[in-house]
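# Structural overview
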Amino acid sequence: MVGRRNNSRSAAKVDNICDLFTNIVDTRGSALFYDVVTYDTIIRNGRWFDGTGAPSAIRNIGIRDGHVVTITPDDLDQTGCPRVIDATGKWVLPGMLDIHTHYDVEVLVGPALTESLRHGVTTVMLGSCSLSTVHVDGVDAGDIFGRVEAIPREHVIGAIDQHKTWTNCEEYIAALEARPLGPNVAAFIGHSDMRAATMGLDRATQKRQRPTRSEQAQMEKWLDEALRAGFVGMSSQQLLFDKLDGEVCRSRTLPSTYAKPRELRRLKSKLRRAGRVLQSGPDIQNPLNLGSQVFQSLGIFRNPLKTSLLSAADVKSNPYAIKMLGPLARLVNRLGGNFRWQHLPVPFEVYADGIDLVVFEEFGAGAAALHLRDEVERNGLLRDETYRRQFRKEYESKFGVRVWQRDFFDAEIVGCPDESVVGLSFGEVGLDRGVHPVDAFLDLVVEHGRALRWRTTISNHRPEVLKSLARDPGIQMGFSDAGAHLRNMAFYNMGLRLLRHVYQSELAGKPFMTVEQAVHRLTGELADWYRLDAGHLRIGDRADIVVIDPERLDGSLDEYAEAPVEQYGGLSRMVNRNDDTVRAVLVAGEPVFLDGEATDAVGTRRTGRFLRAAHKAPAQTTRESELSSVS
């Protein structure tokens, strides 16, 4: 009986082992079959860049469940694969990051954000320059965004009032992810947002007002909540020529500019402890403020403060300033800081309708004109001879720090009902008419208003300097301002333009950096510094991918077009159109643009998600996890 019982147990154990072996074989067999023939997408025969700066290579890439599961020089079996993208002769790289946008309003009403997607940008950063929409109401958001970012105030108010359902950061994230997001989204919490919502916009923009203890505690609580929710950090702003819209607080500077050192120290201490980022814009007219903003990154008996400062630009108004920025960043970082300048890696060309351009905010006469919304009242001011004398005096002044070079000979008219002036500078018009360039400009503004369209390049005009900045480790590629200044500029394709600069220099036999390094600067370097799950293209990474035709990195990248923004009442905004350059864009493995055309997914279902800082998405799908546990 005992022997028979033992034999039965042994037989049962053998049967169980056989069953387990059969299950493993079946599982592994199905896994092999699954690996070979059930990719969602195959990208074949492209030059693959992984985003780390490592050498590129011709590879075939298999995508499943939104992740990269295979990268191989060998052919992949296409059986059962619904989508094969032939990338022969093309570059396959991680989707690019745009670390400085003002999509905070547009993401609510047009969450596809197609103007960035179509140029290979698969992750965008919200909440720049102290501005976000987490806590303020519609009217305050309209006052804050309307004039500073040149987004029509009434549309800002409408978007917030119609769509705001959140009361905190987690609810804000949920609200974004309930929309059909096109790209991934990450965010700063805006200091002006928190300050205005806590103190009220009126009190928050008065010099003698300070937050009470409870109001300071409220801002700190909100910052803690944002950091726990995965916001990359806080943005602040001390630049004094950004002005508010609206009636009550019109022409005051942003709320964060009124914050005193104690308020800022307490908020920054939370960023230090959490290892998150302060994005800030210094008061460029105050050298002490600029210096303190740079050196605040140093630890010295405390944690370093990761600081991203606006901005490194080769400005025409001061061609020597740029020579100090890179060495300054390197010095701070050698001393133990963690500091970066943000930089637009292309010429900063801006357009204006009449006098509506933010650079006029930096001197008194220009700001006085922009303060007046009524066109009749404004024109009366522009005609006044006393006003004109003041404008000419400030135009010709060589003192003080400025962004705009204030040279109307370097400002070309591109559109005007009076076609005789199109193609001329205001200085040339002044010579023809025998008047000062300022008077020529103001006369045309009074006569034609916003129908007078002109352009100038403010900075980044010297290619050799741009090459130096592109290589500088203390400088980040960013500052596109996507979603703002809709009539003034379009840098949605800035990453492509940097790649063109690098590639054409390489073809000319005068390389200044490798294409691999340029891709790294636009992708993995940014993602790693901001601690985001993006910017890489390796096995296990999410399949945020752009396929580029290097032969079409050409002059089409410099051209501007216009397209209406339906959500803003059909307002025509400046855009880039170089659809032959980007052959495919995928977000989480889902094609969103193919051959320059948006796919059915865009605007109808969510492809992107909110990226939480310091959070890594699982690299394996559920099935892959099951297989790894078996083995």
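Keep in mind the model is a prediction, meaning the values are calculated, not measured.

### Focus on helix α20 (residues 515–522)
Buried residues dominate α20, accounting for six of its eight residues. Of the residues making up α20, those classed as buried are V515, E516, A518, V519, R521 and L522.

### Some thoughts on the sheet that holds strand β13 (residues 348–353)
Strand pairing in a sheet relies on backbone hydrogen bonds. The paired strands run either parallel or antiparallel. An order of β13-β15-β14 is seen for the three strands of this open sheet, with the pairing classed as antiparallel. On the outer flanks of this sheet lie β13 and β14 (412–415), each paired with one strand and no other. Neighbour-to-neighbour, the strand axes of this sheet turn through a mean angle of 35°, independent of strand direction.

### Things to note about the UniProt feature "domain: Amidohydrolase" (unreviewed entry) in the protein chain
UniProt feature "domain: Amidohydrolase" (unreviewed entry): in the numbering of this structure it lies at residues 83–252. The span residues 83–252 is 41% helical and 15% strand by assignment, and the distance between its end C-alpha atoms comes to 54 Å.

### Here we look at the nonpolar core
Core analysis: the biggest nonpolar cluster contains 139 residues, and F231, F360, F391 and F408 have the highest contact counts within it. Broken down by element, this core gets its largest block of residues, seven residues, from helix α17 (residues 437–448).

### Describing the environment of S292
Position of S292 relative to the elements: it lies in helix α11 (residues 287–295). On the accessibility criterion, S292 (41% relative accessible area) is partly exposed. Spatially, the C-alpha atom of S292 lies 9.0 Å from that of P282, the residues being 10 residues apart in sequence.

### Here's the deal with the pairing of strand β1 (residues 41–48)
Inspection of the sheet shows β1 paired to strand β2 (residues 57–64) by six bridges, in the antiparallel sense. For R47, the partnering residue across the bridge sits in β2 and is I58. One ladder, built from three bridges, connects β1 with strand β4 (residues 84–86); its direction is parallel. Paired with I43 across the two strands is I85, which belongs to β4. In this sheet, strand β5 (residues 91–94) lies alongside β1 in parallel orientation, the contact comprising two bridges. Opposite R47, over in β5, you have W91 as the bridge partner.

### Things to note about the pattern of salt bridges
The final tally for this structure, using the stated rule, is 48 salt bridges. When the shortest N-O distance is used, the salt bridge between E215 and R203 registers 2.7 Å. Residue E215 is found in helix α9 (residues 213–229), and its partner R203 is found in helix α8 (residues 201–204); the two are separated by 12 residues along the sequence. What makes E215 buried here is its relative accessible area of 12%. Accessibility expressed as a relative area gives 25% for R203, which makes it partly exposed. One salt bridge connects D472 with R330, and the closest N-O pair in it is separated by 2.7 Å. Here R330 lies in helix α12 (residues 322–334) and D472 lies in the loop between α18 (463–471) and β16 (475–477), a separation of 142 residues in the sequence. Of the residues examined, R330 reaches a relative accessible area of 32% and is grouped as partly exposed. Within the structure, one salt-bridge network assembled from shared partners comprises E385, R388, R392, D439 and D443.

### Observations regarding the sheet that holds strand β10 (residues 277–280)
Strand order across the open sheet formed by eight strands is β6-β7-β8-β9-β10-β11-β12-β16, with parallel pairing between neighbours. Each edge of the open sheet is held by one strand with a lone partner, namely β6 (96–98) and β16. For this sheet the average axis-to-axis angle between neighbouring strands, irrespective of direction, equals 30°. When strand β7 (residues 121–126) meets strand β8 (residues 184–190), the two strands line up parallel, connected through four bridges. Each residue of the ladder has a partner; that of T123, found in β8, is N184.

### Some points on the pairing of β5
Across four bridges, the pairing between β5 and strand β17 (residues 545–548) is antiparallel. Along β17, the bridge assignment pairs V92 with V547.

### What to know about the packing of helix α13 (residues 364–371) against helix α14 (residues 375–383)
At a minimum axis distance of 9 Å, the contact between α13 and α14 shows a crossing angle of 155°. Classified by the interaxial angle, the pair formed by α13 and α14 is roughly antiparallel. Contact residues: α13 offers A368, A369 and L370, while α14 offers R378, L381 and L382. Of the residues that constitute the contact of α13 with α14, the class distribution is five nonpolar, no polar and one charged.

### Topic: the packing of aromatic side chains
Aromatic ring pairs are described here by two measures, namely the spacing of the ring centres and the angle between the planes. Under the counting rule described, the total for this entry stands at 26 aromatic pairs. Judged by centre distance (5.3 Å) and plane angle (75°), the rings of W166 and Y172 are edge-to-face. According to the relative accessible area criterion, W166 is buried, its value standing at 3%. Note on Y172: relative accessible area 2%, which makes it buried. Consider the rings of F408 and F441, whose centres lie 4.6 Å apart with planes at 25°: the pair is stacked. With a gap of 33 residues between them, F408 in the loop between α15 (385–396) and β14 and F441 in helix α17 connect regions that are remote in the sequence. In this structure F408 comes out as buried when scored by relative accessible area, which is 0%. On the basis of relative accessible area, F441 is assigned to the buried category, the value being 0%. Chaining the aromatic ring pairs together yields one cluster made of F360, F363, Y387, F391, Y395, W404, F408, F426, F441 and W454.

### What to know about unusual backbone geometry
Following L310, the chain continues into S311 via a peptide bond in cis, with omega recorded as -15°. For S311, the position within the fold is in the loop between β11 (306–310) and α12. Phi angles above zero are rare outside glycine, and D595 is one such case at about 50°. With respect to the element layout, D595 can be found in the loop between β21 (590–594) and β22 (597–598).

### Points about a positive patch on the surface
Taken together, the side chains of R213, R262, R265 and R302 make up a positively charged region of the molecular surface. Of note, R213 is situated in helix α9. Residue R213 is classed as exposed on the basis of its relative accessible area of 79%.

### Regarding α11
Every buried residue belonging to α11 is among N289, Q293 and V294, and all of these are buried. Along the axis of α11, the buried residues cluster in a sector spanning 130°; they form a single face. Projecting away from the buried face of α11 at angles above 90 degrees are the exposed residues P287 and L288. Of the surrounding elements, those touching the buried residues of α11 are β10, β11, α12 and β12 (339–343).

What counts, and where the lines are drawn
- Residues numbered from 1 in each chain as written.
- Predicted model: local features only at pLDDT ≥ 70, side-chain atom pairs only at ≥ 80, totals over all residues.
- Heavy atoms only, no water.
- Buried < 20%, exposed > 50% of the residue type's maximum accessible area, 1.4 Å probe, protein only.
- Helix = DSSP H or I, 4+ residues; strand = E, 2+ residues; numbered from the N terminus.
- Pairing = 2+ DSSP bridges.
- Axes fitted to C-alpha atoms, helices over the stretch in contact; angles between N-to-C directions.
- UniProt positions renumbered as here; feature names shortened; annotations may be inferred.
- Core = buried A, V, L, I, M, F, W, Y, C linked by side-chain atoms within 4.5 Å.
- Salt bridge = Lys/Arg side-chain N within 4 Å of Asp/Glu carboxyl O.
- Parallel < 35°, antiparallel > 145°, perpendicular 65-115°, else oblique.
- Contact = heavy atoms within 4.5 Å.
- Nonpolar A, V, L, I, M, F, W, Y, C, P; charged D, E, K, R; others polar.
- Phe/Tyr/Trp six-rings, centres within 6.5 Å; stacked < 30°, edge-to-face > 60°.
- Patch = residues over 30% accessible without salt bridge, like charges linked within 9 Å, V, L, I, M, F, W, Y side chains within 5 Å.
- Areas by Shrake-Rupley, 256 points an atom, 1.4 Å probe, with all protein chains shown as cover.
- Lys, Arg positive; Asp, Glu negative; His and termini not counted.
- Charge placed at Lys NZ, Arg CZ, Asp CG, Glu CD.
- Arc of directions from axis to C-beta.

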